[in-house]
Amino acid sequence: MNQEHSGSGDPAKSLELLWRRRPQPTRGPKPALTVDGIVAAARKVADAEGLSAMSMRRVADELGVGAMTLYRYFPGKGELLDVMLDRVYGELPRRVVRGDWRARLEEVARENRELYLRHPWLLQIAISRPPLGPNVMAKYEWELTAVEGIGLTDIEMDATVALVNGYVHGAVRTAVEARQVIQRSGMTDKEWWLAHVPHLDRIGDLEKFPLSARVGTAVGNEFDASYDSEHAFEYGLERLLDGVSALVANRSAPQG
C-alpha cells in the first residue's frame, strides 16, 4: 500500500479547516462549493478507488469543476487529507459501554476495526502526527475513558490505548489484504487451496513436517481456508486484553 502522512500540510490552515475557523469571503459571488462537499467527494473517491487515486484533480472531476477551484478552499492535498481523516473518525459511535474496562476496550477495538473495514484507505495514512481536529480529540477521549480509574498511570493509559489501536491496525491490514487478493484473483481461499492439493504430493514430504500437516489440516477443516480474519482478530484481542488484565491485577494487588 502507498503511504500518506497526516499533518503534512500547513498547521495553521489545517486547524482553521478542522475547527471551521477559516474566514468566509464577504465579497464577490457566493462560493460554488463547500468544505464539507469537497471532503465528501474526496472520501467517495478514496472509498471506491483507494487513496492513491485521491488527487486534487480527481476530486475536482468528481465535483465537475476545475482543479484550481479546490485551491480556494484547501491549500493542498495535505490539508484535505487531515480534514478527511477527522471527518471519518466522526463516524465512531463513542457510546459508553456498560460493564468493566475489558468490555469497554473490546468495544473500542471492534468499532475501530469496523471503521477501517468501511474505509480501507485509512490504513494508508501514517498518523504519527495526527490532525488535531474535534473528532480526533473526541476519539482519544473516548478511548481513554475505557481505562480511566482502573489503576493505571496516565502514561500506562495512553500506552494501553495505543497498544489496542496498533493491534487493530495490523489485524485489519491483514484482513483487507486477504479481501483484495480474492477480488483481484477472482478465486476464494478454498478454491486456491483445492487447485494446489493435487500437486502437493509431488512437491512435499508431509512426513518431514508432521506438525505443519496436522495443524494445517485442522485449520483448513475449521475455516475452509488457511486463515480466518474474524477468528484471528478475536483470538488476538482476547490475548492482548489478558496482558492488560495482568497489569491491572498487579496494580490492585496488596503491596508488601
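Owing to the predicted nature of the structure, the values given are computational and were not obtained by experimental measurement.

Let us look at the UniProt feature "domain: HTH tetR-type" (unreviewed entry) in the chain. Here the UniProt-annotated "domain: HTH tetR-type" (unreviewed entry) positions come out as residues 32–92. In this annotation, residues 32–92 is assigned 66% helix and 0% strand; the end-to-end C-alpha distance for the span is 30 Å.

With that settled, the discussion passes to unusual backbone geometry. The backbone of Arg94 sits at a positive phi, close to 55 degrees, despite the residue not being glycine. In this structure, Arg94 sits in the loop between α5 (77–89) and α6 (101–118). In this model, Asp224 sits at a positive phi of 60 degrees, which is unusual for a non-glycine residue. Inspection of the secondary structure assignment puts Asp224 in the loop between α10 (210–223) and α11 (229–252).

On to the pattern of salt bridges. Evaluated as defined, the whole model comprises 19 salt bridges. Here Asp242 ties to Arg102 by a salt bridge, and the two come within 2.7 Å at their closest N and O atoms. On the criterion of sequence distance, the pair formed by Asp242 in helix α11 and Arg102 in helix α6 is long-range, its members being 140 residues apart. Judged by its relative accessible area of 16%, Arg102 is buried. Glu114 serves as the salt-bridge partner of Arg113, at 3.7 Å between the closest nitrogen and oxygen. Since its relative accessible area comes to 36%, Glu114 is described here as partly exposed. One continuous salt-bridge network, built from bridges that share partners, spans Lys44, Glu49, Arg58 and Glu62.

The next subject is helix α8 (residues 154–185). Spanning 32 residues, α8 covers 47 Å between terminal C-alpha atoms, matching the ideal 46 Å at 1.5 Å per step. Those residues of α8 that fall on the buried side of the exposure criterion are Glu156, Met157, Thr160, Val161, Val164, Asn165, Tyr167, Val168, Ala171, Val172, Ala175 and Val176. Contact partners of the buried residues in α8: α6, α7 (134–145) and α11. One or two residues past the end of α8 sits Gly186, with phi positive at roughly 70 degrees.

The next thing to look at is a nonpolar patch on the surface. Residues Leu15, Trp19, Leu132 and Met137 make up a contiguous nonpolar surface patch of roughly 370 Å² in combined accessible area. Along the polypeptide, Trp19 turns up in the loop between α1 (11–18) and α2 (35–49). What makes Trp19 partly exposed here is its relative accessible area of 35%.

This brings us to the nonpolar core. Generally speaking, soluble globular proteins have nonpolar side chains that are buried together. Core analysis: the largest hydrophobic core is formed by 58 residues, its most contacted members being Met54, Phe74, Leu80 and Met84. Considering every element that reaches this core, the biggest residue donor is α8, with eight residues.

Attention now moves to the environment of Glu238. By the element assignment, Glu238 lies in helix α11. Along the primary structure Glu238 and Leu194 are separated by 44 residues, whereas in three dimensions their C-alpha atoms are 32 Å apart. Beyond its immediate chain neighbours, meaning those up to four positions away, Glu238 contacts Arg102 and Glu106.

Cut-off values and rules
Residues numbered from 1 in each chain as written. Predicted model: local features only at pLDDT ≥ 70, side-chain atom pairs only at ≥ 80, totals over all residues. Heavy atoms only, no water. UniProt positions renumbered as here; feature names shortened; annotations may be inferred. Helix = DSSP H or I, 4+ residues; strand = E, 2+ residues; numbered from the N terminus. Salt bridge = Lys/Arg side-chain N within 4 Å of Asp/Glu carboxyl O. Buried < 20%, exposed > 50% of the residue type's maximum accessible area, 1.4 Å probe, protein only. Expected span 1.5 Å × (residues − 1). Contact = heavy atoms within 4.5 Å. Patch = residues over 30% accessible without salt bridge, like charges linked within 9 Å, V, L, I, M, F, W, Y side chains within 5 Å. Areas by Shrake-Rupley, 256 points an atom, 1.4 Å probe, with all protein chains shown as cover. Core = buried A, V, L, I, M, F, W, Y, C linked by side-chain atoms within 4.5 Å.

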